[in-house]
Amino acid sequence: MSQINVMVNGLPGNVATVIARHIVSDQRFTLIPYSLTGPEIHTDNYLVEDKNLCLIRPDARQAAMDDILASYTHLICIDFTHPAAVNNNTRFYCERSIPFVMGTTGGDREALVTTVENSGIAAVIAPNMAKQIVGFQAMMAWAADTFPGLFNGYAISVRESHQQGKADTSGTARAMVGYFNRLGLKCSAEDIEQERNPEKQVNEWGIPGEYLDGHGWHTYTLTSDDQTVKFQFTHNVNGREIYACGTLDAVVFLHQHVQQGVKGKVFSMMDVLKGDSRS
């Protein structure tokens, strides 16, 4: 397989940086030296390993992208930008026929899907790129389909902790709420308890201090109405490596489908898992 040209958007963000480093060291990919960034970023360049990348702010991206597309064929974008930008970015990619992997959470998720389905491209859109967590979600989806109402009468609490700079509620937690609803539990995204306070994260949650700037801890507690039975599901991630590995697999998966001529199609990470013989 020839190398896949990849543009990582969202630098100098933490997740985007980890992914860019993985791409630089992976012979399957070529990291192109450009990244779409936010209006709040005031530097023009960013170094990833030994590669100097030009950061492109929103007011310059149209002209810059025309030049980039003229220079790099079969380009795939990876988007780890900001929740407020996801819908606009998706329209931008679709208008320019750029397949993309969207790991950014937030935005109008239904509109994301509709925009891609009405376009001539394909995309992977997922609130969580960690394959093992996506596998856990698949198990919960199976349980919800197979045993609807299993936990009728139970109460549920959903708690999530992420680094202080995370702007929105965990997309994974929101997805899990949907599965639990189908299992008979009453909960909404507004009921999810967020933690962004570093002091509480260390002292109350027990999160290692070295991962305060990058973690994703989730706990779902189900309790019977008479308080005699409790179920608890927990998945705790320290660092960002797990997301980078899943994102790169999503790029390869998407590239293969684009080469097959797939258009107007949104894939999930569950699709990536099913199509990855290594999973």
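Cut-offs used in this document
- Residues numbered from 1 in each chain as written.
- Predicted model: local features only at pLDDT ≥ 70, side-chain atom pairs only at ≥ 80, totals over all residues.
- Heavy atoms only, no water.
- Buried < 20%, exposed > 50% of the residue type's maximum accessible area, 1.4 Å probe, protein only.
- Helix = DSSP H or I, 4+ residues; strand = E, 2+ residues; numbered from the N terminus.
- Pairing = 2+ DSSP bridges.
- Axes fitted to C-alpha atoms, helices over the stretch in contact; angles between N-to-C directions.
- Parallel < 35°, antiparallel > 145°, perpendicular 65-115°, else oblique.
- Left-handed = near helix turned anticlockwise from the far one by under 90°.
- Contact = heavy atoms within 4.5 Å.
- Nonpolar A, V, L, I, M, F, W, Y, C, P; charged D, E, K, R; others polar.
- Right-handed = clockwise from strand over helix to strand, strands pointing away.
- Salt bridge = Lys/Arg side-chain N within 4 Å of Asp/Glu carboxyl O.
- Polar contact = N/O pair within 3.5 Å; in protein donor to acceptor, adjacent residues only side chain to side chain.
- Phe/Tyr/Trp six-rings, centres within 6.5 Å; stacked < 30°, edge-to-face > 60°.
- Lys NZ or Arg CZ within 6 Å of the ring centre and 35° of its normal.

**Focus on the pairing of strand β1 (residues 4–9)**
Phase 1 of the analysis: The buried count for β1 comes to six of six residues, which makes it a mostly enclosed element.
Phase 2 of the analysis: On β1, burial covers both faces: Ile 4, Val 6 and Val 8 on one face and Asn 5, Met 7 and Asn 9 on the other are all buried.
Phase 3 of the analysis: Judged from the three bridges that link them, β1 and strand β2 (residues 29–31) form a sheet pairing that is parallel. Across the sheet, residue Val 6 finds its bridge partner in β2, namely Leu 31.
Phase 4 of the analysis: Where β1 meets strand β6 (residues 75–79), five bridges bridge the pair, whose relative direction is parallel.

**Regarding the packing of helix α5 (residues 131–146) against helix α6 (residues 171–182)**
Phase 1 of the analysis: Where α5 meets α6, the closest approach of the two axes is 8 Å, and the angle between their N-to-C directions is 20°. Judged by the angle between their axes, α5 and α6 are roughly parallel. Pair α5 / α6 crosses with left-handed handedness. Contacts from Ile 133, Phe 136, Gln 137, Met 140, Ala 141, Ala 144 and Asp 145 in α5 reach Thr 172, Ala 175, Met 176, Tyr 179, Phe 180 and Arg 182 in α6.
Phase 2 of the analysis: The residue inventory of the contact of α5 with α6, partitioned by class, reads nine nonpolar, two polar and two charged.

**A word on the pairing of strand β9 (residues 155–162)**
Phase 1 of the analysis: As judged from the eight bridges shared by β9 and strand β11 (residues 215–223), these two strands associate in the antiparallel manner. Its bridge partner lying in β11, Arg 159 is registered against Thr 219.
Phase 2 of the analysis: Pairing geometry for β9 and strand β10 (residues 193–195), over three bridges, is parallel. The residue bridging Ser 161 from the neighbouring strand is Glu 195, located in β10.
Phase 3 of the analysis: Handedness of the crossover joining β9 and β10 through α6: right-handed.

**With respect to the pattern of salt bridges**
Opposite charge on two side chains makes pairing possible when the charged atoms of those side chains draw close.
Phase 1 of the analysis: What the rule picks out here adds up to nine salt bridges.
Phase 2 of the analysis: For Asp 44, the salt bridge is made with Arg 57, and the minimal N-O distance between the two is 2.7 Å. Of this pair, Asp 44 sits in the loop between β3 (34–36) and β4 (45–48) while Arg 57 sits in the loop between β5 (51–56) and α2 (61–71), and the two are 13 residues apart along the sequence.
Phase 3 of the analysis: The class for Asp 44 is partly exposed, based on a relative accessible area of 41%.
Phase 4 of the analysis: Glu 193 is the partner of Arg 159 in a salt bridge, and the nearest nitrogen-oxygen pair spans 3.9 Å. On the criterion of sequence distance, the pair formed by Arg 159 in strand β9 and Glu 193 in strand β10 is long-range, its members being 34 residues apart.
Phase 5 of the analysis: Using a relative accessible area of 32% as the deciding quantity, one classes Arg 159 as partly exposed.
Phase 6 of the analysis: We classify Glu 193 as partly exposed; its relative accessible area is 42%.
Phase 7 of the analysis: Ionic contacts of the salt-bridge type, sharing partners, join the residues Lys 166, Asp 168 and Arg 174 into one network.

**A short note on the environment of Thr 43**
Phase 1 of the analysis: Checked against the element boundaries, Thr 43 lands in the loop between β3 and β4.
Phase 2 of the analysis: Between the C-alpha atom of Thr 43 and that of Arg 57, which follows or precedes it by 14 residues, the distance is 9.7 Å.
Phase 3 of the analysis: In this structure Thr 43 touches Leu 55 and Arg 57, once residues within four positions along its chain are discounted.
Phase 4 of the analysis: A distance of 3.3 Å separates a polar atom in the side chain of Thr 43 from the backbone oxygen of Asn 45.

**Things to note about the side chain of Thr 17**
Phase 1 of the analysis: Looking at the element boundaries, Thr 17 is found in helix α1 (residues 14–24).
Phase 2 of the analysis: Setting aside chain neighbours within four positions, we find Thr 17 in contact with Leu 11, Pro 12 and Tyr 46.

**A short note on the packing of aromatic side chains**
Phase 1 of the analysis: In total, this model carries ten aromatic pairs according to the counting rule given.
Phase 2 of the analysis: A centroid spacing of 5.6 Å and a plane angle of 50° characterise the contact between Phe 180 and Tyr 220, whose relative ring orientation is tilted. Remark: Tyr 220 occurs in strand β11 and Phe 180 occurs in helix α6; sequence separation between them is 40 residues.
Phase 3 of the analysis: Owing to a relative accessible area of 0%, Phe 180 belongs among the buried residues under this scheme.
Phase 4 of the analysis: Using a relative accessible area of 0% as the deciding quantity, one classes Tyr 220 as buried.
Phase 5 of the analysis: Centroid distance Phe 253 to Phe 267: 5.0 Å. Interplanar angle 90°. Geometry classified as edge-to-face. Linking Phe 253 in helix α8 (residues 241–259) with Phe 267 in strand β13 (residues 265–267), this pair joins segments that are 14 residues apart in sequence. Per residue, the accessibility class of Phe 253 equals that of Phe 267, and both read buried.
Phase 6 of the analysis: Members of the aromatic cluster, each reached through a chain of ring pairs, are Phe 136, Phe 180, Tyr 220 and Phe 233.
Phase 7 of the analysis: Between Arg 61 and the ring centre of Phe 92, over which it is positioned, the NZ or CZ distance is 4.1 Å.
Phase 8 of the analysis: Sitting over the ring of Trp 205, Arg 159 keeps its end group 4.2 Å from the ring centre.

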